[in-house]
Amino acid sequence: QVQLVESGGGLVQAGGSLRLSCAASGSILRVNNMGWYRQAPGKQRELVAVVTRGDSTYYADFVKGRFTISKDNAKNTVYLEMNNLKPEDTAVYYCYANQFGGAVYWGQGTQVTVSS
């Protein structure tokens with residue numbers, strides 16, 4: 001199993017920045033992809049960004065050019081740098097890890113609130 005602990009959420013004004021962190025522990029060697037989803041009130045959870053085992057990255061169109069996903073293998077941590085935040089970015093952000101074989105693990109979520 002993989003345990004994920006997120007941090008870094010908070011309240012920020014529009015145009016501001018936040019950095020989310022997701023520290024992983026447990027069966028790390030079997031992890032293929034890691035990334036972030038978000039869920040706003042009354043909406044479905046949506047994919048934000050992914051980083052693969054080989055360091056390829058994917059971004060949802062609505063964050064391209066504003067968010068950057070990265071990882072530190074030595075710290076088993078994935079980061080999401082969020083710049084030029086907009087009120088519509090307000091959501092609970094969830095870190096996930098996908099293992100070879102298909103198992104998916106989730107963090108507890110961290111709230112990001114962007115005021116206008």
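Presented here is an overview of the structure given in this document. Sequence order sets the numbering: in each chain, residues are counted from 1 along the sequence as written. Since the coordinates come from a predicted model, pLDDT governs what is reported: local features require at least 70, and pairs of side-chain atoms require 80 or more to be given and counted, while whole-chain, interface and lining totals use all residues. Hydrogens and water molecules were not included; the side-chain quantities draw on all heavy atoms of the structure.

Some remarks on the state of the cysteines
And step 1. Note on disulfides: each one is a pair of cysteine sulfur atoms within 2.5 Å. Applying the stated rule across the entire model yields 1 disulfide.
And step 2. There is a disulfide in this structure between Cys-22 and Cys-95, and the S-S distance comes to 2.0 Å. Measuring handedness by torsion sign, the sulfur bridge of Cys-22 and Cys-95 sits at about -80° and is left-handed. Here Cys-95 lies in strand E9 (residues 91-99) and Cys-22 lies in strand E3 (residues 18-26), a separation of 73 residues in the sequence. Each member of the pair, Cys-22 together with Cys-95, is buried. Strands here are runs of E lasting at least two residues and helices are runs of H or I lasting at least four, both read from the DSSP assignment and numbered beginning at the N terminus. Only protein chains enter the calculation, and the probe is 1.4 Å; a residue is then buried if its accessible area is under 20% of its type maximum, exposed if over 50%, and partly exposed in between.

Structural notes on the layout of surface pockets
And step 1. Within this scheme a cavity is a closed region of a 1 Å grid, computed over the protein atoms alone, that accommodates a 1.4 Å probe without allowing it to escape, whereas a pocket is open but has protein on both sides within 12 Å along at least five of seven lines; lining residues each have an atom within 4 Å of a point. Grid points are joined across faces, edges and corners, and a volume is the space filled by probe spheres set on the points. A volume near 260 Å³ is recorded for the largest pocket.
And step 2. What lines the largest pocket is a set of 16 residues, among which Ile-28, Val-31, Arg-53, Lys-71 and Asn-73 lie closest to the centre.
And step 3. Contributions of two or more residues to the lining of the largest pocket are made by strand E4 (31-39), strand E5 (46-52), strand E7 (67-72) and strand E8 (77-82).
And step 4. Considering every element that reaches the lining of the largest pocket, the biggest residue donor is E4, with 4 residues.
And step 5. Three classes are used, and their members are as follows: Ala, Val, Leu, Ile, Met, Phe, Trp, Tyr, Cys and Pro are nonpolar, Asp, Glu, Lys and Arg are charged, and the others, Gly among them, are polar. Tallied by class, residues from the lining of the largest pocket come to 7 nonpolar, 6 polar and 3 charged.

Remarks on the packing of aromatic side chains
And step 1. Ring pairs are drawn from Phe, Tyr and Trp, using the six-membered ring of Trp, whenever the two centres fall within 6.5 Å, and their geometry is named by plane angle: stacked under 30 degrees, edge-to-face over 60, tilted for the rest. Across all of its chains, the model carries 3 aromatic pairs by this definition.
And step 2. Pairing Tyr-37 with Trp-106 gives two aromatic rings, centres 5.2 Å apart and planes at 70°, and the pair type is edge-to-face. Within this pair, whereas Tyr-37 is found in strand E4, its partner Trp-106 is found in strand E10 (residues 104-106), the two being separated by 69 residues in sequence.
And step 3. Exposure remark for Tyr-37: the relative accessible area of 24% places this residue in the partly exposed category.

Comments concerning the sheet that holds E7
And step 1. With respect to topology, 4 strands assemble into an open sheet ordered E1-E3-E8-E7, the strand pairing being antiparallel. If you trace the sheet from one side to the other, it starts and ends with strand E1 (2-7) and E7, each paired once. Averaged over all neighbouring strand pairs, the angle between strand axes comes to 15°, with direction disregarded.
And step 2. Both E7 and E8 contribute to a ladder of 6 bridges, which runs antiparallel. Within E8, the position partnered with Phe-67 by the bridge is Met-82. Strands are labelled as partners when DSSP assigns at least two bridges between them. What counts as an axis is a line fitted to C-alpha atoms, over the stretch in contact for a helix, and the angles between N-to-C directions run from 0 to 180 degrees.

Observations concerning unusual backbone geometry
And step 1. Of note, Asp-55 is a non-glycine position whose phi angle comes to about 75°, a positive value.
And step 2. Mapped onto the elements, Asp-55 comes out in the loop between E5 and strand E6 (57-59).
And step 3. Phi at Asn-84 is positive, roughly 50°, even though this residue is not glycine.
And step 4. Counting through the fold element by element, Asn-84 comes out in the loop between E8 and E9.
And step 5. The class for Asn-84 is partly exposed, based on a relative accessible area of 43%.

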